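Chain residues, written in single-letter form:
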Amino acid sequence: MRNRVALVTGGMGTIGTAIIEALHAGGCKAIATFKFPGDATAETWTRSMSDKGIEVTVVECDVADFAATKAAIAEVEAQCGPVDILVNGAGITRDNTLRKMTPDQWQQVIEVNLDSVFNCTQPLIEGMTERAWGRVINISSINGQKGQFGQANYSAAKAGMHGFTKAVAQEVARKGVTVNTVSPGYIDSPMINAVPEEIREGIRLAIPVQRFGKPSEIARAVAFLADDEAGFVTGADLSVNGGQYM
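Just so we're clear, the structure is a prediction, and the values are computed from it rather than from any experiment.

## Observations regarding the overall build of the protein chain
Helices and strands together make up the secondary structure of the protein chain, namely 9 helices and 7 strands. Taking 2.2 N^0.38 as the reference for a compact globule, 246 residues should give roughly 18 Å; the C-alpha atoms of the protein chain span a radius of gyration of 17 Å, in line with that estimate. Overall size of the protein chain, expressed as C-alpha extent along the three principal axes, is 50 × 40 × 35 Å. Classification of the 246 residues of the protein chain by burial places 45% in the buried group. Of all intrachain contacts in the protein chain linking residues separated by at least 6 positions in sequence, the fraction that spans at least 24 positions is 75%. Element-wise, carbon and sulfur atoms account for 53% of the exposed surface of the protein chain, whose accessible area totals about 11,900 Å². When the 22 positive and 27 negative side-chain charges of the protein chain are each reduced to one mean point, those points stand 5 Å apart.

## A word on empty space enclosed by the protein
Under the defined criterion, the tally for this structure stands at 1 cavity of 30 Å³ or more. Considered as a void within the structure, the largest cavity measures approximately 40 Å³ in volume. In this structure, the largest cavity is lined by Leu7, Thr9, Thr33, Val59, Cys61, Thr69, Ala72, Ile73, Val76 and Cys120. When residues of the lining of the largest cavity are traced back to their parent elements, those giving at least two are strand 1 (5-9) and helix 3 (66-80). Take the lining of the largest cavity: its biggest share by element is 4 residues, from helix 3.

## Comments concerning the packing of aromatic side chains
In this description, an aromatic ring pair is defined by two values, namely the gap between the centres and the angle between the planes. Applying the stated criterion to the full structure yields 1 aromatic pair. The ring of Trp133 carries Arg4 above its face, with NZ or CZ at 3.6 Å from the centroid.

## Brief notes about the environment of Asn113
Here Asn113 is to be found in helix 4 (residues 103-131). Looking at Asn113, the relative accessible area reads 0%, which means it is buried. Expressed as a C-alpha distance, the spacing of Asn113 and Leu205, which sit 92 residues apart in the sequence, is 28 Å. In this structure, Asn113 is in contact with Ala90, Gly91, Ile92, Tyr154, Ala157, Lys158 and Met161, ignoring residues within four places of it in sequence. A polar atom in the side chain of Asn113 sits 2.9 Å from the backbone nitrogen of Ile92.

## A word on unusual backbone geometry
Phi is positive for Asn3, which is not a glycine, with a value near 70°. Turning to its location among the elements, Asn3 is positioned in the segment before strand 1. Overall, the relative accessible area of 68% leaves Asn3 in the exposed class. With a phi angle near 60°, Ala132 is a residue other than glycine that sits in the positive phi range. Along the chain, the position of Ala132 falls in the loop between helix 4 and strand 5 (134-139). Taking the relative accessible area as the measure of exposure, Ala132 reaches 48% and is therefore partly exposed.

## Quick word on the side chain of Arg135
Examined against the element boundaries, Arg135 turns out to sit in strand 5. In this structure, Arg135 is buried with no salt-bridge partner, the nearest side chain bearing the opposite charge being Asp228 at 5.7 Å. One polar contact links the side chain of Arg135 to the main-chain carbonyl oxygen of Asp227, over a distance of 3.1 Å. Of the polar contacts made by the side chain of Arg135, one reaches the backbone oxygen of Asp228; its length is 3.5 Å. Look past the residues within four positions of Arg135 in its chain and what remains in contact with it is Asp84, Ile85, Leu86, Met128, Gly176, Thr178, Leu225, Ala226, Asp227, Asp228, Ala230 and Gly231.

## A short note on the packing of helix 3 against helix 4
Put simply, helix 3 and helix 4 touch, their axes get as near as 9 Å, and they point 45° apart. The orientation of helix 3 relative to helix 4 falls into the category oblique. Considering only the axes of helix 3 and helix 4, their crossing is right-handed. Residue-level inspection shows Phe66, Thr69, Lys70, Ile73 and Glu77 of helix 3 in contact with helix 4, the latter providing Phe118, Asn119, Cys120, Gln122, Pro123 and Leu124. Each residue belonging to the contact of helix 3 with helix 4 can be placed in one class, and the counts come to 6 nonpolar, 3 polar and 2 charged.

## Let's talk about the environment of Phe164
Within the element layout of this structure, Phe164 appears in helix 6 (residues 152-172). Linking Phe164 and Lys35, residues 129 residues apart in sequence, is a C-alpha distance of 24 Å. Among all residues touching Phe164, those that are not within four sequence positions of it are Val117, Phe118, Thr121 and Asn138.

## Side note on the nonpolar core
Buried together is how nonpolar side chains tend to be arranged in soluble globular proteins. If you look at the biggest cluster of nonpolar residues, it comprises 28 residues, and the most contacted ones within it are Ile20, Leu23 and Val87. Counting only elements with at least two residues in this core, the list comes to strand 1, helix 1 (14-25), strand 2 (29-34), helix 2 (40-51), strand 4 (85-88), strand 5 and helix 9 (215-226). No other element matches helix 9, which puts 7 residues into this core. Excluding residues that lie within four positions of it along the chain, Val87 makes contacts with Leu7, Val8, Thr9, Ile19, Leu23, Ile137, Ile139 and Val222.

What counts, and at which threshold
- Residues numbered from 1 in each chain as written.
- Predicted model: local features only at pLDDT ≥ 70, side-chain atom pairs only at ≥ 80, totals over all residues.
- Heavy atoms only, no water.
- Helix = DSSP H or I, 4+ residues; strand = E, 2+ residues; numbered from the N terminus.
- Rg over C-alpha atoms; globule rule 2.2 N^0.38 Å.
- Buried < 20%, exposed > 50% of the residue type's maximum accessible area, 1.4 Å probe, protein only.
- Contact = heavy atoms within 4.5 Å.
- Areas by Shrake-Rupley, 256 points an atom, 1.4 Å probe, with all protein chains shown as cover.
- Lys, Arg positive; Asp, Glu negative; His and termini not counted.
- Charge placed at Lys NZ, Arg CZ, Asp CG, Glu CD.
- 1 Å grid on protein atoms, 1.4 Å probe; cavity = no way out; pocket = protein on both sides within 12 Å on 5 of 7 lines; lining within 4 Å.
- Points joined across faces, edges and corners; volume = space filled by probe spheres on them.
- Phe/Tyr/Trp six-rings, centres within 6.5 Å; stacked < 30°, edge-to-face > 60°.
- Lys NZ or Arg CZ within 6 Å of the ring centre and 35° of its normal.
- Polar contact = N/O pair within 3.5 Å; in protein donor to acceptor, adjacent residues only side chain to side chain.
- Salt bridge = Lys/Arg side-chain N within 4 Å of Asp/Glu carboxyl O.
- Axes fitted to C-alpha atoms, helices over the stretch in contact; angles between N-to-C directions.
- Parallel < 35°, antiparallel > 145°, perpendicular 65-115°, else oblique.
- Left-handed = near helix turned anticlockwise from the far one by under 90°.
- Nonpolar A, V, L, I, M, F, W, Y, C, P; charged D, E, K, R; others polar.
- Core = buried A, V, L, I, M, F, W, Y, C linked by side-chain atoms within 4.5 Å.

Shown next, in the form of structure tokens:
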């Protein structure tokens, strides 16, 4: 994947940052999206990456908005060249039981977690097929496979991502483009560390390997699927969950 251009949505998150680092190590030019203009977090994150010797192009993009996403992608390709690798990693949670879930909580999660996969992939897929090479990697979740109490919106969106993967993989397989899903389990991150210790320990003990995953372990899976040598893997859902769901 050396000299490929890679666009990572959600690239500034814990897993996204690890993915950017892995793709950079493989020789890719990486681009990350951020949502809000003048976001100080984006500036701080970019500086921290630069301190590690990783120069990342950042582009403002509301991935839930098709027109805005299409314009951002055009800006990226004008600045960096055609996008060869797309990692759809943007995601949010708005947890609630279904009987208490509001339409806004449902819609926000579907738009950011699932609509964004269409919004980002559709403008890029034709260019990939014309160049006869491309990689689309969708970051789903163990909860899209098994469901999760209080996450009807999130589980539906994450399950929908893999349905998208399987359909589009069939459309572009003969054109040298692969489309795959990675489904992380519980990862050592600020999100899991914010859970009360007793509950967090219960989650850990339910994982057969008896630990949380590392962001780098998700990134290695993505880097594998993005590689030239992974051209025979398409339509797959790679579970990286320590055996928690089989």
